[in-house]
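Here are the chains, one letter per residue:
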Amino acid sequence: MNLYLRYFDRETLVSTVDEAIDFLRGIEEIEMNPMLEADIREYAASDVFYPKRYKVHPRVYFIIIKTEAATMQDFKEKKAVHVAVENTSTKPAAPTLVRLNEIRPGWYEGSIDFKRVSLIPGTGKFQYRDTQFVARLKANSGMECYERIVEHLRDRVDERSQFPSAKGKNFKFRYLGKAKTQDV
């Protein structure tokens, strides 16, 4: 694993932490101290692959990036980009539309964040307020859960209230299971 270091227009690609520290000591503005040196060594030894930024002065930083690149040209051309190993044992998440329209009769818990129009006391003016509504209900799919919640709210809030799309991040649902029936 190599380290790429940059401070403004000064940059280098080194293969050891000692070389990185020597490079930083050669820059007057950077005050190397035992704490900074220990932190750089800890970063280099860790499994962390995101770039690390160190503050030199207010709004002035130098960065260190771990890379597999053997040369500066390889690094600049991004030939040795570290790719995180994906966990293949988990099933990929189903697209939102597929989950919304999947038919699974039973109980659902739906949560919707919408813009509710409400009257401001004293001024007589109206304003939009972010409001969350959560309900448990029987439905055949996530989309039916959404439609039933919105239908319920339309009868109870100002008609100017704004409801999000079922496909967006402001509607969430989870399947709670089938209703238990009693056999007599």
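Data block above holds the structure.
### A few points about the sheet that holds strand 6 (residues 126–139)
Sheet strands pair by backbone hydrogen bonding; their relative direction is either parallel or antiparallel.
And then number 1: Ordered by their spatial adjacency, three strands build an open sheet running 6-5-7, and the pairing between neighbours is antiparallel. At either margin of the open sheet sits one strand with a lone partner, and together these are strand 6 and strand 7 (171–177). Across the sheet, the mean angle from the axis of one strand to that of its neighbour is 20 degrees, orientation sign disregarded.
And then number 2: When strand 5 (residues 106–119) meets strand 6, the two strands line up antiparallel, connected through 14 bridges. By the bridge assignment for strand 6, Asp113 is matched with Gln132.

### So, the pattern of salt bridges
And then number 1: Counting across every chain of the model gives 11 salt bridges.
And then number 2: Of the charged contacts, one joins Lys52 and Asp39 as a salt bridge, the two residues approaching to 3.5 Å between their closest N and O atoms. Taken as a pair, Lys52 in strand 3 (residues 52–57) and Asp39 in helix 2 (residues 34–45) lie far apart in primary sequence, 13 residues in all.
And then number 3: A residue is classified by how much of its surface remains accessible, and Lys52, at 23% relative accessible area, is partly exposed.
And then number 4: If you follow the salt bridges from partner to partner, you end up with Asp18, Asp22, Arg25, Glu37 and Arg41 in one network.

### A look at the sheet that holds strand 2 (residues 10–14)
And then number 1: Read across the sheet, four strands follow the order 2-1-4-3 without closing on themselves; strand pairing throughout is antiparallel. In this open sheet, the two edge strands, each paired with only one partner strand, are strand 2 and strand 3. The mean inter-strand angle of the sheet, taken between neighbouring strand axes irrespective of direction, is 15 degrees.
And then number 2: Relative to strand 4 (residues 60–67), strand 1 (residues 2–7) runs antiparallel, the two being bridged by five bridges. From the neighbouring strand, Tyr4 faces strand 4, where its bridge partner is Ile65.

### Section: the nonpolar core
And then number 1: Counting 20 residues, the largest nonpolar core has Leu5, Leu24, Ile30, Ile40, Phe62 and Ile64 as its most contacted members.
And then number 2: When residues of this core are traced back to their parent elements, those giving at least two are strand 1, helix 1 (17–25), helix 2, strand 3 and strand 4.
And then number 3: With five residues, the single largest contributor to this core is helix 1.
And then number 4: Beyond its immediate stretch of four places on either side in the chain, Ile30 contacts Tyr7, Leu24, Leu36, Val56 and Phe62.
And then number 5: Counting residues in hydrophobic clusters, the runner-up holds 18 residues, among them Cys145, Ile149, Val150 and Phe173.

Parameters and conventions
Residues numbered from 1 in each chain as written. Predicted model: local features only at pLDDT ≥ 70, side-chain atom pairs only at ≥ 80, totals over all residues. Heavy atoms only, no water. Pairing = 2+ DSSP bridges. Helix = DSSP H or I, 4+ residues; strand = E, 2+ residues; numbered from the N terminus. Axes fitted to C-alpha atoms, helices over the stretch in contact; angles between N-to-C directions. Salt bridge = Lys/Arg side-chain N within 4 Å of Asp/Glu carboxyl O. Buried < 20%, exposed > 50% of the residue type's maximum accessible area, 1.4 Å probe, protein only. Core = buried A, V, L, I, M, F, W, Y, C linked by side-chain atoms within 4.5 Å. Contact = heavy atoms within 4.5 Å.

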